[in-house]
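# Observations on the model geometry
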Amino acid sequence: MNVKSLYSWRGCLGIVIALVVFCAIAGGIISCNDDNYNQKFEKAIDEGNISEAKALAKQHRLKSSAYLQLIKAYLDAGDADEAIDVYENITIDHDDRTAISPGNGTYSAEASKMLREYLMKHGQYDKAWDYYPLAFSDENRSGNAQSRYAWLSDVVSEMCKKGQQEDARSFVDDQVRWFVTYVDGETDDGSEKLKANYGSEVVRQKLYNQIGNVHE
């Protein structure tokens, strides 16, 4: 190795070391700033200043637990629209419904659960459907029958808690049309099993039984 090459090699090594040191320092500064913003967020939440907490959530990248806290704070305050805004417009990188697995503890799974349970409890059944996991992104795929049935069963349960059994039956009669359209006519492989579980009359009878069992 000649002298010129040696100096060139040393120069490159020096640049690499300098970049590594710079990145480490920058990363440390960013980490400190993140911790600072998370602490400010926690303080705002503890003091009940939801608007300030939301402003911090919009301006800075916080822990996923912070966004869950913010959603819960809005729901506790009875403001579902703001809670939904946090999920849909502030944490826009949340998982698609097809990637959500109930109970897996991810931000999207936990946030969706909170939103659908609140909306169900407050009679906003159609909105609640938007936060149920799906097998396929196209809501009208027959493969989403299980998700659709889970939603219907939860709606029926909620209506029955409120003594609205007749409304529940009417709701079932209306919603079972989806299964008539997208399940009953299926002819693909495995469709027989699908129909055995989620054919329109099977679904209707299951849900009628659910309503009837309230009186037992």
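Here the structure is a predicted model, which means the values were calculated and not measured.

In terms of nonpolar packing, the biggest core is built from 56 residues, with L70, I71 and F179 touching the most fellow members. With residues near it in sequence (within four places) discarded, F179 still touches A145, R148, Y149, L152, D184, Y198, S200 and V203.

To continue, consider the pattern of salt bridges. Following the criterion strictly, the structure yields 14 salt bridges and no others. Of the charged contacts, one joins D85 and K54 as a salt bridge, the two residues approaching to 2.7 Å between their closest N and O atoms. Pair noted here: D85 is in helix 4 (residues 80-90) and K54 is in helix 2 (residues 50-59), with a separation of 31 residues, a long-range link. Look at D85 and you get partly exposed, because its relative accessible area is 22%. Judged by relative accessible area, K54 falls into the buried class, the value being 11%. The salt bridge involving R169 is made with E166; its shortest N-O contact spans 3.0 Å. Taken together, the residues span about one helical turn, with R169 and E166 both in helix 8 (residues 165-175) at a distance of three residues. Since its relative accessible area comes to 55%, E166 is described here as exposed. Where salt bridges share partners, they join K54, E82 and D85 into one cluster.

Geometrically, a packed helix pair is captured by the angle between its two axes and the distance between the axes. Viewed as axis vectors pointing N to C, helix 8 and helix 11 (residues 200-212) meet at an angle of 175°, and their least axial separation amounts to 10 Å. As summarised for this structure, helix 8 and helix 11 are arranged roughly antiparallel, according to the angle between their axes. On helix 11, the residues touching Q165, A168, R169, V172 and D173 of helix 8 are R204, L207, Y208 and I211. Its residues assigned to classes, the contact of helix 8 with helix 11 comprises five nonpolar, one polar and three charged.

Criteria and thresholds
- Residues numbered from 1 in each chain as written.
- Predicted model: local features only at pLDDT ≥ 70, side-chain atom pairs only at ≥ 80, totals over all residues.
- Heavy atoms only, no water.
- Core = buried A, V, L, I, M, F, W, Y, C linked by side-chain atoms within 4.5 Å.
- Buried < 20%, exposed > 50% of the residue type's maximum accessible area, 1.4 Å probe, protein only.
- Contact = heavy atoms within 4.5 Å.
- Salt bridge = Lys/Arg side-chain N within 4 Å of Asp/Glu carboxyl O.
- Helix = DSSP H or I, 4+ residues; strand = E, 2+ residues; numbered from the N terminus.
- Axes fitted to C-alpha atoms, helices over the stretch in contact; angles between N-to-C directions.
- Parallel < 35°, antiparallel > 145°, perpendicular 65-115°, else oblique.
- Nonpolar A, V, L, I, M, F, W, Y, C, P; charged D, E, K, R; others polar.

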